[in-house]
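A look at the structure
Spelled out from the first residue to the last, the chains are:
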Amino acid sequence: MLLAKTLRSSTFKWALIWITVFGAVVIGLFSYVYWSTAAYVQSSSDRAITAEHTILQKIYDGAGRGGLIGNRPTLRAMFDTLPNGDHLLVGKEIDDLDAFTKKIKTAFLWGIALIFALAGVASVSVTRRTVGRIEAINTTSQAIMQSGLGKRIPLRGTRDEWDQLAENLNSMLERIEALMAEVKQVSDNVAHDLRTPLTRMRGRLEKAHARQRNGNLDQSLIDDTMADLDAVLRMFSSLTRISQIEAGDRTSAFRTVNLSEIASEVVELFDAAAEHKHAHLAAVVDQHVLVTGDRDLLFDAVSNLVDNAIKYGREAGRVTVEVTRNGGALISVADDGPGIPISERQNVFKRFYRLEQSRGTPGNGLGLSLVAAVARLHGAGVEMMDNAPGLKLWIRFPLSARS
């Protein structure tokens, strides 16, 4: 994975380009030195032979054979006496050595200068490109600090690591922006939902304060006030639990659990509630559909789904809880009620969000938020679909290794 990313990296591609350029320069330099040296040696030898021939011919014409013998060229030599008394002399003329050395030095200096020039160009090019991308991120960060989370880092369409970084940062900004909007919405909804029970409690207390004590009326007031306080406490308890789930604090309790068993227990628990609404509640489960998770949280999530299906389904309707193996462990809850419009299906997972038709039904809009939080904690996907009529909501879990 890391090797594949490295090979796709634009930095690696630029390094490869400049390595190729440097390689070409070095090869060109050595080729020049080789061909220049070969050509120089050959032409120098030809000129030396021609010049030597001309000089010796003139000497011979003027002084004969004796003049040729007295000629003494500049050379380096080694002299040695062999064991039998013969003399061995090895030498080479070095008149062209200085010119050859100058040519090599010139080629070497030009090569070094060219390499340094290319290194400078490469450094400036790579640094400019890197600084340019970093500056784009810095500019966007400054704009976000000044004007809000609506800005995004521009992409260049190169699909390199810089574009991937920008995409990840943009996704992070979108997530932060969504969370900030959700926090604002939650704050507004909490204030709205608390206003009603608190106003009722204050009104009751004002009436009780203004009238004479009456045992039956006071008891009724206390009961109603406690019911409102219980509703407020349940709201805060649900918020706290959702926050704990989203923080991942419950993963230490993960075990291998049987979804089929959980579904059956939930159906048994809500059987009386279904009968009260004259609804038919049934379970269709495969045996031993195992997942890894927190049993209590899964039980609460399924309970919320069944409670919603009974509460918002039609009178004398049908609610079916199904557990199967279908590309993973799948649990679904279906009803034949009015359903949820497609445009509202993502919103109902937000905290305190309630459809207009459900405003008069008891609840605080946190049930599906808890379901979504439990699903995310377990790496599961949640989806809604039409049941024609009604709604079907399913949660798909990764299968346990032992399932």
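Everything below is about the structure shown above.
This is a predicted model, so every value here is computed, not measured. (Residues numbered from 1 in each chain as written. Predicted model: local features only at pLDDT ≥ 70, side-chain atom pairs only at ≥ 80, totals over all residues. Heavy atoms only, no water.)

As for its placement among the helices and strands, Ser 303 is situated in helix α8 (residues 295-312). A relative accessible area of 9% means that Ser 303 is categorised as buried. Ignoring anything within four residues of it in the chain, the contact list for Ser 303 reads Val 266 and Phe 270. (Helix = DSSP H or I, 4+ residues; strand = E, 2+ residues; numbered from the N terminus. Buried < 20%, exposed > 50% of the residue type's maximum accessible area, 1.4 Å probe, protein only. Contact = heavy atoms within 4.5 Å.)

A few words now on a nonpolar patch on the surface. Together, Phe 108, Leu 109, Ile 112 and Phe 116 give the surface a local cluster of nonpolar side chains, amounting to about 460 Å² of exposed area. The class of Leu 109 is exposed, set by a relative accessible area of 58%. (Patch = residues over 30% accessible without salt bridge, like charges linked within 9 Å, V, L, I, M, F, W, Y side chains within 5 Å. Areas by Shrake-Rupley, 256 points an atom, 1.4 Å probe, with all protein chains shown as cover. Salt bridge = Lys/Arg side-chain N within 4 Å of Asp/Glu carboxyl O.)

This brings us to the packing of helix α6 (residues 259-269) against α8. Where α6 contacts α8, the axes come no closer than 10 Å and their chain directions differ by 45 degrees. The angle between α6 and α8 falls in the class oblique. Considering only the axes of α6 and α8, their crossing is right-handed. In this structure, α6 uses Leu 259, Glu 261, Ile 262, Glu 265, Val 266 and Leu 269 to contact α8, whose residues at the interface are Arg 295, Leu 298, Phe 299, Val 302, Ser 303 and Val 306. (Axes fitted to C-alpha atoms, helices over the stretch in contact; angles between N-to-C directions. Parallel < 35°, antiparallel > 145°, perpendicular 65-115°, else oblique. Left-handed = near helix turned anticlockwise from the far one by under 90°.)

With that settled, consider helix α9 (residues 367-377). By the criterion of burial, α9 is predominantly enclosed, with ten of the eleven residues buried. Every buried residue belonging to α9 is among Gly 367, Leu 368, Ser 369, Leu 370, Val 371, Ala 372, Ala 373, Val 374, Ala 375 and Leu 377, and all of these are buried. Directly after α9, the chain includes Gly 379, whose backbone phi takes a positive value near 65 degrees.

Under the definition given, this model contains six salt bridges. Notably, a salt bridge pairs Glu 261 with Arg 295, separated by 3.0 Å at the nearest N-O pair. Pair noted here: Glu 261 is in helix α6 and Arg 295 is in helix α8, with a separation of 34 residues, a long-range link. Classification of Glu 261 by relative accessible area gives partly exposed; the value is 42%. Assessed through its relative accessible area of 27%, Arg 295 is described here as partly exposed. Among the charged side chains, a network of salt bridges with common partners joins Arg 152, Glu 174 and Glu 177.

A cis geometry characterises the amide bond from Ala 388 onward to Pro 389, with omega recorded as 0 degrees. Along the chain, the position of Pro 389 falls in the loop between β8 (381-386) and β9 (391-397). A positive phi is found at Ala 316, a non-glycine position, where the angle reads about 60 degrees. Within the fold, Ala 316 resides in the loop between α8 and β6 (318-325). Owing to a relative accessible area of 42%, Ala 316 belongs among the partly exposed residues under this scheme. Even without a glycine there, the phi angle at Ala 388 is positive, about 50 degrees. Taking the relative accessible area as the measure of exposure, Ala 388 reaches 68% and is therefore exposed.

As a further point, take the environment of Val 323. Here Val 323 shows up in strand β6. Residues contacting Val 323, with those up to four places away along its chain left out, are Leu 259, Ser 260, Ala 263, Val 284, Val 285, Asp 286, Val 289, Leu 330 and Ile 331.

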